[in-house]
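What the coordinates show
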There are 2 protein chains.
Amino acid sequence: MYTVANYLLDKISKLGVKKIFGVPGDFNLEFLDFILKNDKLDWVGSVNELNAAYCADGYARVNGVGVVVTTYGVGELSAINGIAGSYSEDIPIIHIVGVPPTFLVNSNKVVHHTLGNYKFDEFKKIYENVTCHQVWIDFINPIDQINSAIQSCIIYKKPIYIMLPTDVMKMEIGPINRDIYFPTIYDFESVNNVTNDLYNKIKNSKQAVIIAGNKITSYRLKKYFNRFVNNAKISVVNTMYGKSSFDESNDFFAGIYIGKNTADKQLQEFVDNADLIISVGNKFTDLSSSNFQLGFNKEKMFIIDDKCVCYDGKQIDNILLNSVVKKLSNMEFNYDGINYKAKNILSKSVDPKDKITYDDFYSILNSTISNDDIVVSDMGTCSFAAQYLNLKENTEFIMQPFICVNWF
Amino acid sequence: MYTVANYLLDKISKLGVKKIFGVPGDFNLEFLDFILKNDKLDWVGSVNELNAAYCADGYARVNGVGVVVTTYGVGELSAINGIAGSYSEDIPIIHIVGVPPTFLVNSNKVVHHTLGNYKFDEFKKIYENVTCHQVWIDFINPIDQINSAIQSCIIYKKPIYIMLPTDVMKMEIGPINRDIYFPTIYDFESVNNVTNDLYNKIKNSKQAVIIAGNKITSYRLKKYFNRFVNNAKISVVNTMYGKSSFDESNDFFAGIYIGKNTADKQLQEFVDNADLIISVGNKFTDLSSSNFQLGFNKEKMFIIDDKCVCYDGKQIDNILLNSVVKKLSNMEFNYDGINYKAKNILSKSVDPKDKITYDDFYSILNSTISNDDIVVSDMGTCSFAAQYLNLKENTEFIMQPFICVNWF
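Residues numbered from 1 in each chain as written. Chains lettered and ligands numbered in written order. Predicted model: local features only at pLDDT ≥ 70, side-chain atom pairs only at ≥ 80, totals over all residues. Heavy atoms only, no water.

Chain A is annotated in an unreviewed UniProt entry as Thiamine pyrophosphate-binding protein from Malacoplasma iowae 695. Per its UniProt entry, chain A bears the Sequence similarities (unreviewed entry) comment "Belongs to the TPP enzyme family." (UniProt positions renumbered as here; feature names shortened; annotations may be inferred.)

Spelled out as structure tokens, the structure:
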């Protein structure tokens with residue numbers, strides 16, 4: 001027997017997901033049985049839904065998509081801070097909520113895990129604010145509903161919210177496989193135009209710098225971006241939020257730039273005096289810009305964002321980060337300007353006999369980082385030091401700008 | 001200097017509140033200084049906002065109103081499960097959220113603790129679903145805004161949501177005191193009619209029973225309700241949710257009724273065969289009714305709810321629980337039917353040498369309860385046993401039907 005639950009799990013598996021996080025609850029228990037029976041998926045239980053949401057967030061940052069399963073009402077509300085964080089940083093999460101069976105929802109009765117007001121769509125309304133797509137799976141059209149939701153998750157790189165009733169889930173739908181359609185934006189001409197313009201700007205620049213943003217990671221473009229940098233031979237700065245978007249062991253890595261309070265003052269001067277600032281998938285927040293105190297000339301920026309490109313006072317819409325970065329990765333460039341090589345900020349030598357200071361701590365920590373590590377940092381005070389850790393080859397750095405103190 | 005923050009705190013203090021719960025965060029730090037400087041209010045810090053919300057919930061159940069203070073975005077989202085629980089059980093909570101200063105909100109910049117989308121009202125939209133009143137305090141009309149919000153909290157016995165910007169909070173407003181207006185509903189005639197009808201029904205009844213609901217507690221009517229029962233001389237059952245709404249040491253206490261699965265089968269029979277069921281401020285949920293398996297005849301019900309009274313197939317609106325119960329507490333009745341006296345369900349004698357069973361555990365626990373205790377129970381499996389604990393005089397029983405597993 002092949003059911004709606006089987007279909008949903010097969011689609012998730014096809015995205016490359018291998019682990020599903022969550023917490024059992026009254027209205028998802030039977031769905032968890034379907035997960036356990038699926039050979040390609042592992043269930044990873046958490047002690048509470050907030051942890052599970054953060055697990056899914058971390059999993060998505062490393063593997064592309066994360067999945068979290070909670071129960072209705074109380075379960076999903078416990079997860080909301082994690083989901084909101086993923087939303088704020090463009091992390092694609094599939095949040096599946098086990099909801100009461102259809103007959104109970106239609107019964108006009110007060111059911112536990114509800115707000116006691118005979119309404120069942122309050123939590124969906126709450127989640128409209130922190131997910132890009134919400135759907136209550138029904139008996140009529142479950143396949144299309146599932147495909148459409150997952151499509152949004154992958155296209156927009158944001159969390160989606162799937163309400164899965166205990167009865168609809170078990171509906172037999174026969175062996176069925178309908179591919180999820182990912183619409184192509186025909187942006188070839190625009191891509192050619194903007195990349196040609198960028199080519200010319202790079203050619204004429206005497207001091208260019210690239211800012212690597214977090215969307216390079218969420219759109220899975222690190223490999224292409226790296227190739228672009230190696231071809232262009234231009235210095236790259238990471239920011240607090242996109243720290244591992246560019247490989248910090250690369251020779252073109254110039255350091256961490258956060259505007260006025262940048263630790264390496266020579267780097268700050270280098271960026272602020274650049275005649276071309278190429279921003280790729282980046283968004284400055286108060287914390288990553290020393291409270292919006294950026295020293296460079298914004299008119300010199302060439303901004304490549306996820307759905308538009310902006311430069312010379314114009315904005316070209318309907319052009320994807322994906323298309324632009326892939327195109328750039330296959331181009332050759334003629335950059336003839338100067339570059340800047342990153343300094344090691346956290347390199348204080350520590351005498352084991354002395355008291356350990358804050359600086360010492362991060363210098364010691366810094367010396368322990370190896371290739372292929374995953375460094376997870378809380379936000380807040382520690383993030384201001386942790387952003388300067390020297391990442392090695394293939395090291396992932398995970399932090400959430402939403403700054404939830406419950407991160408750990 | 002007397003500011004908006006001072007005014008808000010004075011109004012809270014005037015409600016009889018002595019303790020404020022919460023967690024410090026970037027956008028409420030300065031407000032906390034105002035709390036510390038207020039002689040009549042104590043600040044009680046929690047390790048996370050969910051705990052603080054539950055503290056405020058418990059405080060409100062015992063003292064009438066609870067106050068919780070969180071920071072913007074991440075702070076308030078951590079509290080939402082507790083607030084939703086208070087909402088589901090008619091507990092008046094004042095939730096104060098410290099929000100970014102007005103100039104920053106108007107700046108169109110990406111600020112930490114937001115969703116990174118230049119919007120600042122997303123969390124308010126989320127809280128619209130779990131509070132009865134939401135207000136963003138502004139420079140124009142802070143006094144009216146505060147009064148109106150607190151008015152809603154007290155009238156509707158639900159959580160309210162006050163957004164307090166760091167700059168508005170510090171605005172000087174001079175020494176000002178404007179009383180909060182609690183509009184009176186002129187329901188005297190309706191109250192006389194329905195209480196006369198109830199008087200006659202009681203007079204003609206041969207087997208009456210009263211169901212005491214949780215709203216007796218949230219509307220602070222226990223004293224009046226108790227007086228009504230002593231005058232009427234009719235047996236009272238408590239439910240899982242309104243367990244301490246009626247004093248279980250009272251001679252008229254008949255036990256806990258939950259429909260089909262009621263532990264005391266004679267009590268179940270007594271209720272199911274009653275010719276008059278007076279329901280006061282009660283709402284049956286799946287868990288308090290053995291999944292809606294109630295054996296009594298619903299046509300025999302006389303329902304006194306918070307804003308209406310229903311009997312004989314009619315519904316009289318705009319009549320308050322408050323008015324009806326107070327009126328009943330001053331009446332004499334002529335009940336001539338039979339009553340039922342509560343049995344002690346958890347009275348197993350335990351041999352200290354034997355292994356402790358589930359039954360033993362609750363019987364031992366039961367024997368430890370004294371006058372004036374506050375018994376707090378988690379929901380879920382344990383609540384099905386805990387509901388039968390024998391409360392002594394002036395014992396409070398606190399449990400949340402929303403069933404959040406994070407209760408503790």
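A few words on the sheet that holds strand S6 (residues 160–165) of chain A. Residues and elements named next belong to chain A. Within the open sheet, the 6 strands sit side by side as S2-S1-S3-S4-S6-S5. Their pairing is parallel. Of all the strands in the sheet, the pair left with one neighbour each is strand S2 (42–45) and strand S5 (134–136). The average angle at which neighbouring strand axes cross in this sheet is 25°, direction not considered. Bridge count between strand S1 (residues 19–22) and S2: 4 bridges; the pairing is parallel. Its bridge partner being in S2, phenylalanine 21 is matched across the sheet by valine 44. In this fold helix H4 (residues 74–88) packs onto strand S3 (66–71), strand S4 (93–99) and S6, with an angle of close to 155° to the strand it touches most, S3. (Pairing = 2+ DSSP bridges. Helix = DSSP H or I, 4+ residues; strand = E, 2+ residues; numbered from the N terminus. Axes fitted to C-alpha atoms, helices over the stretch in contact; angles between N-to-C directions. Contact = heavy atoms within 4.5 Å.)

Unoccupied space between atoms shows up once a probe the size of one water molecule is rolled over them. Residue and element names in this part refer to chain A. A complete count under the given rule lists 8 cavities of 30 Å³ or more for this structure. Considering only enclosed or pocket space, the largest cavity measures out at about 160 Å³ in volume. Going through the elements one at a time, helix H9 (215–218) and strand S15 (396–398) are the ones with two or more residues in the lining of the largest cavity. Looking at which element gives the most residues to the lining of the largest cavity, the answer is S15, with 3 residues. (1 Å grid on protein atoms, 1.4 Å probe; cavity = no way out; pocket = protein on both sides within 12 Å on 5 of 7 lines; lining within 4 Å. Points joined across faces, edges and corners; volume = space filled by probe spheres on them.)

This brings us to a nonpolar patch on the surface. Residue and element names in this part refer to chain A. Taken together, Ile356, Phe361, Ile364 and Leu365 make up a surface patch of nonpolar side chains, about 350 Å² in accessible area. Following the sequence through the fold, phenylalanine 361 ends up in helix H13 (residues 358–367). The partly exposed category is assigned to phenylalanine 361, whose relative accessible area is 41%. (Patch = residues over 30% accessible without salt bridge, like charges linked within 9 Å, V, L, I, M, F, W, Y side chains within 5 Å. Areas by Shrake-Rupley, 256 points an atom, 1.4 Å probe, with all protein chains shown as cover. Salt bridge = Lys/Arg side-chain N within 4 Å of Asp/Glu carboxyl O. Buried < 20%, exposed > 50% of the residue type's maximum accessible area, 1.4 Å probe, protein only.)

Moving on, we get to the domain arrangement of chain A. Where interface size is given, it is often the accessible area lost as the parts come together that is meant. All names here are of chain A. When cut into domains, chain A gives domain 1 (4–170), domain 2 (188–343) and domain 3 (344–407). Its C-alpha centre places domain 2 at a distance of 24 Å from the equivalent point of domain 3. Across the boundary between the two partners, domain 2 contributes 17 residues, which contact 20 residues of domain 3. A combined buried area of about 1,500 Å² lies between domain 2 and domain 3, and 62% of that area is made up of carbon and sulfur atoms. Summed over the three residues of domain 2 that lose the most area to domain 3, namely Met240, Lys243 and Lys343, the buried surface amounts to 35% of that side. Inspection of the region where domain 2 meets domain 3 yields 1 salt bridge. Glutamate 396 is the salt-bridge partner of lysine 222, the closest N and O atoms lying 3.2 Å from each other. The tally of links from domain 2 across to domain 3 stands at 7 residue pairs in polar contact (both at pLDDT 80 or more). (Domains from an automatic or database assignment. Buried area = accessible area lost by both parts, 1.4 Å probe. Polar contact = N/O pair within 3.5 Å; in protein donor to acceptor, adjacent residues only side chain to side chain.)

Opposite charge on two side chains lets them pair, provided their charged atoms get close. Enumeration according to the criterion identifies 32 salt bridges over all chains in this entry. Residue lysine 215 of chain A is joined to aspartate 306 of chain A by a salt bridge in which the shortest nitrogen-to-oxygen separation is 3.5 Å. Residue lysine 215 of chain A is found in helix H9, and its partner aspartate 306 of chain A is found in the loop between strand S11 (301–304) and strand S12 (308–311); the two are separated by 91 residues along the sequence. Note on aspartate 306 of chain A: relative accessible area 11%, which makes it buried. Aspartate 90 of chain B is the partner of lysine 158 of chain B in a salt bridge, and the nearest nitrogen-oxygen pair spans 3.0 Å.

This next bit is on helix H1 (residues 4–14) of chain B. Residue and element names in this part refer to chain B. By the criterion of burial, H1 is predominantly enclosed, with 9 of the 11 residues buried. Within H1, the full set of buried residues consists of Val4, Ala5, Asn6, Tyr7, Leu8, Leu9, Lys11, Ile12 and Ser13. Here the buried face of H1 lies against strand S1 (19–22), helix H2 (29–37), strand S3 (66–71), strand S4 (93–99), helix H7 (142–156) and strand S6 (160–165). One side-chain oxygen of the residue at the start of H1 lies 3.2 Å from the amide nitrogen of alanine 5, identifying that residue as threonine 3. Directly beyond the C-terminal end of H1, a positive phi value near 95° is found at glycine 16.

So, about the packing of aromatic side chains. Residue and element names in this part refer to chain A. Taken as a whole and assessed by the stated rule, the structure comprises 30 aromatic pairs over all chains. Ring geometry for phenylalanine 27 and tyrosine 72: centres 6.4 Å apart, planes at 80°, overall edge-to-face. Note that phenylalanine 27 is positioned in the loop between S1 and helix H2 (29–37) and tyrosine 72 in the loop between S3 and H4, a separation of 45 residues in sequence. As far as the burial class goes, phenylalanine 27 and tyrosine 72 line up, both buried. An aromatic cluster is built from Tyr199, Phe225, Phe228, Phe246 and Phe333, whose rings are joined through pairwise contacts. Note that lysine 243 overlies the ring of phenylalanine 397, its terminal NZ or CZ placed 5.6 Å from the centroid. (Phe/Tyr/Trp six-rings, centres within 6.5 Å; stacked < 30°, edge-to-face > 60°. Lys NZ or Arg CZ within 6 Å of the ring centre and 35° of its normal.)

Another point: the relation of the copies chain B and chain A. Relating the two copies of this chain is a rotation about some axis coupled with a shift parallel to it. When chain B is fitted to chain A, the best match, at an RMSD of 0.1 Å, comes from turning it 180° and sliding it 0.0 Å along the axis. The relationship between the two copies is best expressed as a two-fold rotation axis. When each C-alpha of chain B is compared by its distance to the rotation axis, isoleucine 126 of chain B comes out closest, at 2.3 Å. In this assembly the copies share their binding face: 100% of the residues contributing to the interface of chain B also contribute to that of chain A. (Least-squares fit on C-alpha atoms with pLDDT ≥ 70 in both.)

This paragraph deals with the environment of aspartate 264 of chain A. All names here are of chain A. Checked against the element boundaries, aspartate 264 lands in the loop between strand S9 (253–256) and helix H11 (265–272). Contacts of aspartate 264, omitting those with residues within four sequence positions, involve Tyr340, Lys343 and Ile345. A polar atom in the side chain of aspartate 264 sits 2.7 Å from the side chain of tyrosine 340.

A few words now on the interface of chain B and chain A. Contacts between chain B and chain A engage 39 residues on the former and 39 residues on the latter. Buried area between chain B and chain A, both sides added, is near 3,100 Å², and the carbon and sulfur share of it is 62%. Viewed at the interface, chain A and chain B are joined by 4 residue pairs in polar contact (both at pLDDT 80 or more). Residue assignment for the side of chain B that touches chain A shows that the elements contributing at least two residues are helix H4 (74–88) and helix H6 (122–127) of chain B. Per-element accounting of the side of chain B that touches chain A gives the leading share, 8 residues, to H4 of chain B. Split by residue class, the side of chain B that touches chain A holds 20 nonpolar, 13 polar and 6 charged. (Nonpolar A, V, L, I, M, F, W, Y, C, P; charged D, E, K, R; others polar.)

All names here are of chain B. With burial as the criterion, each face of strand S8 (residues 235–238) is covered, one bearing Ser235 and Val237 and the other bearing Val236 and Asn238. Both strand S7 (residues 208–212) and S8 contribute to a ladder of 4 bridges, which runs parallel. Among the inter-strand pairings, isoleucine 211 is bridged to a residue of S8, identified as valine 237.

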